[in-house]
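Coordinates in review
Chain by chain, the residues:
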Amino acid sequence: MGIIERVKREIFIRPWLRQGYSRRLANSYYRKTVKDLKTDNGVSKADKKWAHQHKYFSDSIAKYDLKNHPETNYITDLDYMYLKPFNNSFTKWVHDLVTANKVLVDYREHLPKLYFNIIEREEKKIFLPIDTVSRAYGENYDDFIKLLEEKGELIIRPDRFSAYRSAYRIVRVGQGEYKLLPDELSRARMELAGCQYDREYLVTELPEELPENFEENPCKRDSYDKDSLYELISTFKYGYVIAEPYKVEPSEARMLRIYVANEKLSSTRLLDFYETKLVDGKESCRAVSREGIVDGEKLERWDEICAEVTRLARFMSEIEYFSVGVIPTRDGFIIDSVDTNPALPPVAHSKQLNDFLLERLEKKRETVVVTREKWLKAFKYKRYKEFVHRFCRPGMRPYMEKLWLTSVWDDLRHNKDTTLAQKIWCYKRGFLSFRIKQYGLTKENYKNFLSDYQYHWLNRINNDYQIWINDKTTTRFVFEPYKQYFAKYYYDIIKMQGETCIKALQDIPEGFGASFDELFRLLRREKLLALKPSSGTHGDGFYRMEYDGEKYLINGKEMTQDEIVAMISEFKSIYIVTEYLFMHRELKKIYPYSVNTIRVAVVNQTAYEPKIMQTYMRIGSSSTGFTDNVGYGGICAKIDIPSGHYYCPQKIINHVFTPCPIHPDTGVEIKGTVPNWELMKKGITDICRFMPELEYLGFDIAITDDGFKIIEINIHQDLHKVAEHSEEFKAFFRDKLALKAKKYDLKKW
């Protein structure tokens, strides 16, 4: 952007900054108005500028009849942008078709029918089953071909709703012969969004004038056999799924769009309704009455559609505002999409939707204030990201670079056991200097170890489906078929619109409601409960809630009910309340006040053969309290994977693993065999087969008297808490380093 353009932008955004909008939002509004001025939509430039001054885009002039009613109370386009994002992180539940299929288990009847998920692993496309429990349709590409032969036609579509990526029909036209044909429903979706269908020209004729820099797909054929079809699919970027075609005639296709609001986890409202379809190649959008009436006639299955959308919305009440796209079919309807960042409809919306948005706007203005400190923080972070992008190793995430720099600074100041020269030698090679003693690092052997910086750089090893396990609430929903291996989940505690709200989860005992009073009633019955962050790790933020028959205790400290409510109300992040897990009686003898968890590192590089690569036990002590974090003074004991025998207990003292054969607090020898070991190993590998999309996981396991429970699953575990790794484990990381280096064209890494 040149100097003149920068000056124009500053002049434009200055009034909006004075009104309290953030610079980021004002800049975004400026870019959209510039684009709006260039769009030929029949509105004069003068009228467009008038609309922009009133916080609207030009298409809103006709939509709201602004010229004749400039005092209209419709929410402005700028204020609608200001309200974004509307929701919290639980939008990931409907982020893609596969995740929605995992989380919304009880709603699959009206979701798209999926058969296979196509992901990339080790630079190859892999077909994975959607049903990873029974695997009724098989589990690989060969099984996909068998299904295609059986059904005759399947759809390959993007794994999430996209206005820019096309879906296609794959049709069997002979024995072992297949054709790629247009999916007219996908074409209609994309045209409604103003996008071109099949921009790769896989099923349409090439135009006389090709787009600039266009390269025809070298795998394009008139028809395909099994191998050439795989070669074509291997050229598709991003994620795709194999799905059942919708039972709808393209000429009759229409989308019903319903706007929904969940308020404070307790009430659900359907705010507005629209029917959209293509008429003579142009979008036609009409409002639908609450009763489902359009042109004097009631839409088929309207009451059933509204009831199902309401049921779905109540299930995911953590998501506050969204729209649901429903496509009527010959035998029912499909919930085709859930948009958690919905655009306003192309026609004037209802008073109910408008009032809801204006109410949200007023609340946000009361609670969100753009201060100089916030602006400075955002400015610093933006410059830091630019620094990482420009000066750090390509592929390093800014967050991980910050962790590395913080670790280096801490090591530089506090590690007195190494000289400055040794520190510099370590930092240049990607190690923290205390690894010299911990690993016995030398110039001759340091390349045998995965360095701290390399491990930071590898983050993230897993793909986007790691969203299944980066918070415990989602994990519990995803793993419903394996709920016996998880603690019982009783409550979600979430800040919504500045208020602390409670939601009862799937394992809540019958007869218990969702409130603080009910939470304490459950605590009085259970005597012990666990309160912890939904996204926490290392035991940080964990609270042991106890009722001893007379008083309440939090982490052993007596507190009144009001004090506990006040403490919880101060939480900024999402918390969960679960059953309190009790470890096996044999392990309890070592140290009874923590769960003494087992860390199990699993690699599933092929997506079909998960392997346990490393196991060790973490044991609490008086310095860790009710947790067993090794970094905070806990004890770590190795475990032999085949036998479950634990041995060689150690503590980290001054960054060095030091033998600790006897527990310092209980005097018990730390040596024996982990109970229920074979059961635990089988359960963990079964779970990894259930989610083959993820290839690198760290399980924290509590061994109980009758089996085991999964406390949490880590997507990038603290690998360096144990220095010794098998050759197979090291080979996995070498492969990942080489692949990432190839991606960023690095010769050294």
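Reference entry: report on the structure contained in this document. (Residues numbered from 1 in each chain as written. Predicted model: local features only at pLDDT ≥ 70, side-chain atom pairs only at ≥ 80, totals over all residues. Heavy atoms only, no water.)

**Points about the overall build of the protein chain**
- Counting its regular elements, the protein chain contains 22 helices and 28 strands.
- A globule of 749 residues ought to have a C-alpha radius of gyration of about 27 Å, and the protein chain, at 29 Å, matches this closely.
- Taken along its principal axes, the extent of the C-alpha atoms in the protein chain is 85 × 65 × 60 Å.
- Among the 749 residues that make up the protein chain, the fraction classed as buried is 53%. (Helix = DSSP H or I, 4+ residues; strand = E, 2+ residues; numbered from the N terminus. Rg over C-alpha atoms; globule rule 2.2 N^0.38 Å. Buried < 20%, exposed > 50% of the residue type's maximum accessible area, 1.4 Å probe, protein only.)

**Some words on the nonpolar core**
- Membership of the largest hydrophobic core comes to 88 residues, with the highest contact counts inside it found for I684, M691, F699, I701 and I710.
- If one sorts the elements of this core by residue count, helix α10 (residues 302–315) sits on top with 7 residues.
- For I710, the contacting residues outside a window of four places in its chain are Y485, F486, A487, I684, I687, F699, D700 and I701.
- The next biggest cluster of nonpolar side chains, apart from the first, holds 34 residues, and it includes V388, V603, L719 and F733. (Core = buried A, V, L, I, M, F, W, Y, C linked by side-chain atoms within 4.5 Å. Contact = heavy atoms within 4.5 Å.)

**Observations regarding helix α13 (residues 398–414)**
- Taking 1.5 Å per residue as the helical rise, α13 with its 17 residues ought to reach 24 Å, and the 24 Å between its terminal C-alpha atoms agrees with that figure.
- Along α13, the residues classified as buried are M400, E401, W404, V408 and D411. The arc that holds every buried residue of α13, seen down its axis, measures 105 degrees, which confines them to one face. Opposite the packed face of α13, turned more than 90 degrees from it, sit the exposed residues Y399 and K402. (Expected span 1.5 Å × (residues − 1). Arc of directions from axis to C-beta.)

**Concerning the pattern of salt bridges**
- Following the criterion strictly, the structure yields 58 salt bridges and no others.
- The closest approach of N and O atoms between R330 and E249, which form a salt bridge, is 3.5 Å. Taken together, the residues span a long stretch of sequence, with R330 in the loop between β12 (321–329) and β13 (332–339) and E249 in the loop between β6 (240–243) and β7 (255–263) at a distance of 81 residues.
- Residues K298 and D303 are paired through a salt bridge, measuring 3.1 Å at the closest nitrogen-oxygen approach.
- K298 gets classed as partly exposed once you look at its relative accessible area, which sits at 46%.
- In this structure D303 comes out as exposed when scored by relative accessible area, which is 51%.
- Through salt bridges that share partners, R9, E10, R14 and R23 make up one connected network. (Salt bridge = Lys/Arg side-chain N within 4 Å of Asp/Glu carboxyl O.)

**Considerations on the side chain of D198**
- If you trace the backbone, D198 turns up in the loop between α8 (184–192) and α9 (226–234).
- Within the structure, the side chain of D198 is placed 2.8 Å from the side chain of T204, a separation counted as a polar contact.
- Every residue in contact with D198, bar those within four places of it in the chain, is listed here: S166, Y168, V203 and T204. (Polar contact = N/O pair within 3.5 Å; in protein donor to acceptor, adjacent residues only side chain to side chain.)

**As for a positive patch on the surface**
- Together, R6, R24, R31, K32, K35, K84, K382 and K385 give the surface a local cluster of positive charge.
- Mapped onto the positive patch, the elements with two or more residues apiece are α2 (23–38) and α12 (372–391).
- When residues of the positive patch are assigned to their parent elements, the largest contribution, 4 residues, is made by α2.
- Residue placement: K32 occurs in helix α2.
- Residue K32 is classed as partly exposed on the basis of its relative accessible area of 40%. (Patch = residues over 30% accessible without salt bridge, like charges linked within 9 Å, V, L, I, M, F, W, Y side chains within 5 Å. Areas by Shrake-Rupley, 256 points an atom, 1.4 Å probe, with all protein chains shown as cover. Lys, Arg positive; Asp, Glu negative; His and termini not counted. Charge placed at Lys NZ, Arg CZ, Asp CG, Glu CD.)

**A short note on the environment of E5**
- Relative to the helices and strands, E5 resides in helix α1 (residues 3–18).
- Exposure remark for E5: the relative accessible area of 28% places this residue in the partly exposed category.
- Here the side chain of E5 touches Y30 through a polar contact of 2.4 Å, side chain to side chain.

**A closer look at a negative patch on the surface**
- Side chains of E177, D225, D227 and E231 sit close together on the surface and give a patch of like negative charge.
- Take D225: it is sitting in the loop between α8 and α9.

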